[in-house]
Amino acid sequence: MSDEPIATVEATPQGRRLHIPIPLRWGDLDAFNHVNNTSMLKLLEEARVRAFWQPERGEVAPPTAVLDSGLHSGILTLIARQEIEYLAPVPYQRFPLDVQMWFGKLGGSSIEVCYEVCSPLETADAGRQVTYARATTVVVKVDAATGRPLRLTTEERAAWSPYQGDPIVYTHRR
C-alpha cells in the first residue's frame, strides 16, 4: 500500500474541493511525450472511482465515497456526458497529478462532477499550480435490472452537498 493520501480537502472561495492524487503511467504518454487526450478520460475515471465509490474492507476513502456501485449492488453508474477543455500538455512526471473535484449540480438521479487536472502539489512553484485541463462528467445512477434512473439517496446528498460549487464555464466554446 502506498503512503500517498487517498484524498485531501481544501476550502476555496468557490467552495470545498476534493484533491485526489492520480499517478501517471508511462503508457499514458503518446508519441509527443505528453499525456494522450484519450488517456485523460481514464485519469478522470480513476479519480472519480477513488472519490465516490465505497471502499472495500481495509481500504481508506474520502467522506464522499458513498456509492455502492456494481452488479452485486444492483446499482450502476453510467456516463451520460463528458467534456474536456485541454489547457496545456501534461508531461510525464513521477509525482501524482492533483485532480481537484467538486459537484456543479446534484440532480434527481444524476451528478455533474467537475474537475481541474493540475500539476503535482509537490512541484508547485511558489504555490502556483499549472492547470492542464478542466472537465465535466454527468453521471447517472441506474437500476441494474431495469435500466431506469435511481434517485440520489439522502446519504449521497449529505456527503456530496458540501462539495457543491459553480459548474465549469468553458472558455473556448463557440
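Residue indices follow the written sequence of each chain, beginning from 1 at its first position. The predicted nature of this model means local features are confined to residues of pLDDT at least 70 and side-chain atom pairs, given and counted, to a pLDDT of 80 or more, with totals for whole chains, interfaces and linings taken over all residues. Side-chain figures throughout are based on the complete set of non-hydrogen atoms in the structure, without hydrogens or water.

For the rest of this paragraph, the subject is the overall build of the protein. Counting its secondary structure elements, the protein contains two helices and six strands. What counts as a helix is a DSSP run of H or I of at least four residues, what counts as a strand is a run of E of at least two, and both are numbered from the N terminus. In sequence order, the protein lays out its α and β elements as β-β-α-β-β-β-β-α. In terms of overall dimensions, the protein has a C-alpha envelope of 45 × 45 × 35 Å along the principal axes. Counting over 174 residues, the protein shows a buried share of 41%. Across the protein, contacts joining residues at least 24 apart in sequence account for 64% of those joining residues at least 6 apart. Of the charged side chains in the protein, 18 are positive and 21 negative; the average position of the first set lies 6 Å away from that of the second. The buried label goes to any residue with under 20% of its type's maximum accessible area, the exposed label to any with over 50%, and the partly exposed label to all in between, with areas taken from a 1.4 Å probe on protein chains only. The contact criterion used is simple: two residues touch if any of their non-hydrogen atoms lie within 4.5 Å. We treat Lys and Arg as the positive residues and Asp and Glu as the negative residues; His and chain ends play no part in the count. For the purpose of locating charges, the reference atoms are NZ of Lys, CZ of Arg, CG of Asp and CD of Glu.

A pair of aromatic rings is counted whenever rings of Phe, Tyr or Trp (Trp by its six-membered ring) have centres within 6.5 Å, and the orientation is called stacked for planes under 30 degrees apart, edge-to-face for over 60 and tilted otherwise. The tally for this structure, following the rule as stated, stands at four aromatic pairs. Judged by centre distance (5.1 Å) and plane angle (45°), the rings of Phe52 and Phe103 are tilted. Here the residue Phe52 occupies a position in helix α1 (residues 37-52), and Phe103 occupies one in strand β4 (residues 97-106), the gap between them amounting to 51 residues. An identical accessibility class is assigned to Phe52 and Phe103; each is buried. Sitting over the ring of Trp102, Arg17 keeps its end group 3.8 Å from the ring centre. Should the NZ of a Lys or the CZ of an Arg lie within 6 Å of a ring centre and within 35 degrees of the ring normal, that charge is described as sitting over the ring.

A separate point is the sheet that holds strand β1 (residues 8-12). Note: two strands are recorded as paired if DSSP finds a minimum of 2 bridges between them. If you walk across this open sheet you meet the six strands as β1-β2-β4-β5-β6-β3, and the pairing is antiparallel. Each edge of the sheet is formed by a strand with only one pairing partner; in this case those strands are β1 and β3 (75-86). The average angle at which neighbouring strand axes cross in this sheet is 30°, direction not considered. Where β3 lies against strand β6 (residues 131-143), eleven bridges are found, and the strand directions are antiparallel. Considered in β6, the bridge of Ile79 is made with Val139. This element, α1, spans β2 (15-22), β3, β4, β5 (110-118) and β6 of the sheet and lies at about 115° to β2. For helices, the fitted axis covers only the stretch in contact; all axes are lines through C-alpha atoms, and the angles between them, taken along N-to-C directions, range from 0 to 180 degrees.

As for its position among the elements, Glu59 is in the loop between α1 and β3. Here the alpha-carbon distance between Glu59 and Ile6, two residues 53 residues apart in the chain, equals 9.7 Å. A distance of 2.6 Å separates a polar atom in the side chain of Glu59 from the backbone nitrogen of Glu56. The term polar contact refers here to a pair of N or O atoms within 3.5 Å; inside protein, the definition further demands a hydrogen-donor-capable atom paired with an acceptor-capable atom, and it admits residues adjacent in sequence only when both atoms are side-chain atoms.

Now for the nonpolar core. Only buried residues count toward a nonpolar core. Its members are Ala, Val, Leu, Ile, Met, Phe, Trp, Tyr and Cys residues joined through side-chain atoms within 4.5 Å. Residues Phe52, Met101, Phe103, Ile111, Val113 and Trp160 are the most contacted members of the largest nonpolar core, which totals 32 residues. Listed by contribution, the elements that provide at least two residues to this core are β2, α1, β4, β5, β6 and α2 (154-160). Per-element tally for this core: the top contributor is α1, with six residues.

Most of β5 sits out of view: eight of its nine residues are buried. Examined bridge by bridge, β4 and β5 share eight bridges and lie antiparallel to one another. If you follow Lys105 over to β5, its bridge partner there is Glu112. In this structure, the hairpin formed by β4 and β5 is closed by a connection of three residues.

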